[in-house]
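Chain and residue survey
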Amino acid sequence: MHLQELINTAKLLIADDKGLLAMDESNPTCNKRFAALKIPQTAEAHRAYREMIVTTPGLNECISGAILYDETVRQQLKDGTPFSKALADRGIIPGIKVDMGAKELAGHPGEKITEGLDGLRDRLNEYYLMGIRFAKWRAVITIGGGIPSSACIEANASALARYAALCQEADLVPVVEPEVLMDGDHTLEQCRAVTEDVLRTVFSHLYMQGVALEGMILKPNMVLPGLACPIQESIDKVADATVNCFLRAVPAAVPGIAFLSGGQSGELASARLNAMNVIFRSRLPWALGFSYARAIQQPALEIWHGEDANVTKAQKALLHRAKCNLAARRGEYSAAMEGK
Ligand code: 13P
């Protein structure tokens, strides 16, 4: 492990108010999103879509790193350039999703455990040789009647910490993603309590496994009411609840927090990140940024629709959302940017 290399990569990932673009949908997830728009669900369609994203002119002005999926890292642009090189050539650090998905947690109905630790050391070494410099692992926590259980939180935190330690051994920056889902009718306060518990447990396991906090990025959910909760708090209340939760649970040595969007609209994801930076930026120990998939990609995917003729228009929509989130990191985003 070369700690200074990890620290440098982590710093680059959060530098200049840029953020991460998650384009690492697994084949089942990508196919589901394509099917909803009647786009063919083939490896070539996945490739063409990812080429549209990566070749977006000016993307590197807002995006510091992009997270690929295993299928994509083995594919090339039409001109034969491998995706990881195409990103690096454009000044974007290539990353990769390395978990093998969330599966049912035995004995705990409704709860999940993320798999993928077996053989991970070899996969990480292979990815490093392909030019990959950071890696992501997503754990999923559901709020519901009597859940999450401590069994679920502990098992997922332990797996996240073991993955993060293996990443650092392989000189890859771990992007540690414990996601408390928005699904359900839970309140903002319930989400805050669960998120705080999850984060404390994750950091306890990271400490136990000897993970260097200076060489990692945290990718958490925002503290939000469930999608079906009748009380949907204001943007400022969400910003306040989220940042105060993180101030209690996330050590100051962590260089950056890059939120997932989790199914929020692109505009809300920008507005909430913006509010956090407007209200708190000067008082925070870590950078508050983004690592969005849907909140950056969705409008572009709808415009692209599997057609080469739509690439330029789709790239404009993608760049627009990336620019909105760069502005949100600076506390300079406003609804006016959306042309409304
Ligand atoms: P969303 O921003 O769509 O939640 O995706 C982020 C991500 O990488 C999920 O693992």
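In case you missed it, the structure is sitting above this.
In this section: the sheet that holds strand S9 (residues 256–259). As summarised here, the arrangement of the eight strands in space is S1-S2-S3-S6-S7-S8-S9-S10, forming a closed barrel in which the pairing is parallel. Of the strand pairs in this sheet, S9 and strand S10 (residues 287–292) are connected by four bridges, and their pairing is parallel. From the neighbouring strand, Phe-259 faces S10, where its bridge partner is Phe-290.

According to the stated counting rule, one finds 21 salt bridges in the structure shown. A salt bridge links Arg-47 to Glu-44; the nearest nitrogen and oxygen atoms lie 2.9 Å apart. With Arg-47 and Glu-44 both in helix H3 (residues 43–54) and three residues apart, this pair spans about one turn of that helix. Residue class for Arg-47 comes out buried when judged on its relative accessible area of 11%.

Take the nonpolar core next. One finds Tyr-163, Leu-218 and Phe-246 to be the most contacted residues of the largest nonpolar core, which totals 104 residues. With ten residues, the top contributor of residues to this core is helix H7 (residues 150–169). Excluding its chain neighbours within four sequence positions, the residues that come into contact with Phe-246 are Thr-195, Leu-199, Leu-218, Pro-220, Asn-221, Val-223, Ile-257, Phe-259 and Trp-286. By size, the runner-up hydrophobic cluster in this structure holds 13 residues, among which are Leu-13, Ile-67, Ile-93 and Val-173.

This paragraph deals with the site of the ligand. Contacts to the ligand come from 13 residues, most closely from Lys-136, Lys-219, Ser-261, Gly-262 and Arg-294. At a separation of 2.6 Å, an oxygen atom of the ligand approaches a polar backbone atom of Gly-262. Within the contact set of the ligand, an oxygen atom lies 2.7 Å away from a side-chain nitrogen or oxygen of Arg-294. Contact with the protein chains removes 94% of the 300 Å² of surface that the ligand exposes when unbound. Applying the majority rule of atoms within 2 Å of the grid points places the ligand in the largest pocket. Sorting the residues of the shell around the ligand by element identifies strand S6 (134–141) and S10 as the ones contributing at least two each. Classifying every residue of the shell around the ligand by side-chain character gives four nonpolar, three polar and six charged.

In this structure, the largest pocket encloses a volume near 870 Å³. Where the lining of the largest pocket is concerned, the elements lending two or more residues are helix H2 (27–36), strand S5 (112–114), helix H6 (120–129), S6 and strand S7 (173–180). Among the elements that make up the lining of the largest pocket, the one with the highest residue count is H2 (four residues). Its residues placed into classes, the lining of the largest pocket shows twelve nonpolar, seven polar and 16 charged. By volume, the second largest pocket is sized at about 210 Å³. Together, 14 residues line the second largest pocket, and Arg-47, Ala-48, Lys-78, Trp-304 and Asp-308 are the ones closest to its centre. With six residues, the single largest contributor to the lining of the second largest pocket is H3. In terms of residue class, the lining of the second largest pocket is made up of seven nonpolar, two polar and five charged.

Take unusual backbone geometry next. With an omega of 15 degrees, the peptide bond running from Ile-147 to Pro-148 counts as cis. Its place among the elements puts Pro-148 in the loop between S6 and H7. Even without a glycine there, the phi angle at Lys-38 is positive, about 60 degrees. Residue Lys-38 is classed as exposed on the basis of its relative accessible area of 76%.

This part takes up empty space enclosed by the protein. To find leftover empty space, one rolls a probe the size of a water molecule over the atoms. Applying the stated criterion across every chain, the model contains three cavities of 30 Å³ or more. Quantified by volume, the largest cavity comes out at close to 60 Å³. Around the largest cavity, the lining residues are Glu-25, Cys-30, Arg-33, Phe-34, Tyr-49, Arg-294, Gln-297, Gln-298 and Leu-301. Broken down by secondary-structure element, the contributors of at least two residues to the lining of the largest cavity are H2 and helix H11 (294–304).

About the thresholds
- Sequence order as written defines the numbering, with residues in each chain counted from 1.
- Given that this is a predicted model, residues contribute local features only at a pLDDT of at least 70 and side-chain atom pairs are listed and counted only at 80 or more, while totals for whole chains, interfaces and linings are drawn from all residues.
- Side-chain calculation: all heavy atoms of the structure are included, whereas hydrogens and water are not.
- Think of it this way: DSSP has to see at least two bridges between two strands before they count as a pair.
- A run of H or I in DSSP counts as a helix once it spans at least four residues, and a run of E counts as a strand once it spans at least two, with each numbered from the N terminus.
- A pair is scored as a salt bridge if a Lys or Arg side-chain nitrogen falls within 4 Å of a carboxyl oxygen belonging to Asp or Glu.
- Burial status follows relative accessibility: with a 1.4 Å probe on protein chains alone, a residue under 20% of its type maximum counts as buried, one over 50% as exposed, and anything between as partly exposed.
- In this description, a nonpolar core means a group of buried Ala, Val, Leu, Ile, Met, Phe, Trp, Tyr and Cys residues linked to one another through side-chain atoms lying within 4.5 Å.
- Note on contacts: a residue pair is in contact if any heavy atoms of the two residues lie within 4.5 Å.
- Neighbouring residues are identified by heavy atoms, a residue being near a molecule or strand if any of them is within 4 Å of it.
- What qualifies as a polar contact is a pair of N or O atoms within 3.5 Å, subject to a donor-acceptor requirement within protein and to the restriction that residues adjacent in sequence count only when both atoms come from side chains.
- Computed with a 1.4 Å probe, the accessible areas rest on the Shrake-Rupley method; for each residue, only the protein chains presented here act as cover.
- Buriedness of a pocket was judged along seven lines, with at least five required to meet protein on both sides within 12 Å; pockets are open sets of points on a 1 Å grid over the protein atoms alone, cavities are sets where a 1.4 Å probe fits but cannot get out, and lining residues have an atom within 4 Å of a point.
- For a molecule to be placed in a cavity or pocket, more than half of its atoms must lie within 2 Å of the grid points of that cavity or pocket.
- Each residue gets one label: Ala, Val, Leu, Ile, Met, Phe, Trp, Tyr, Cys and Pro are nonpolar, Asp, Glu, Lys and Arg are charged, and the others, such as Gly, are polar.
- Grid points are joined across faces, edges and corners, and a volume is the space filled by probe spheres set on the points.

These results come straight from atomic positions and should not be treated as a statement about function.
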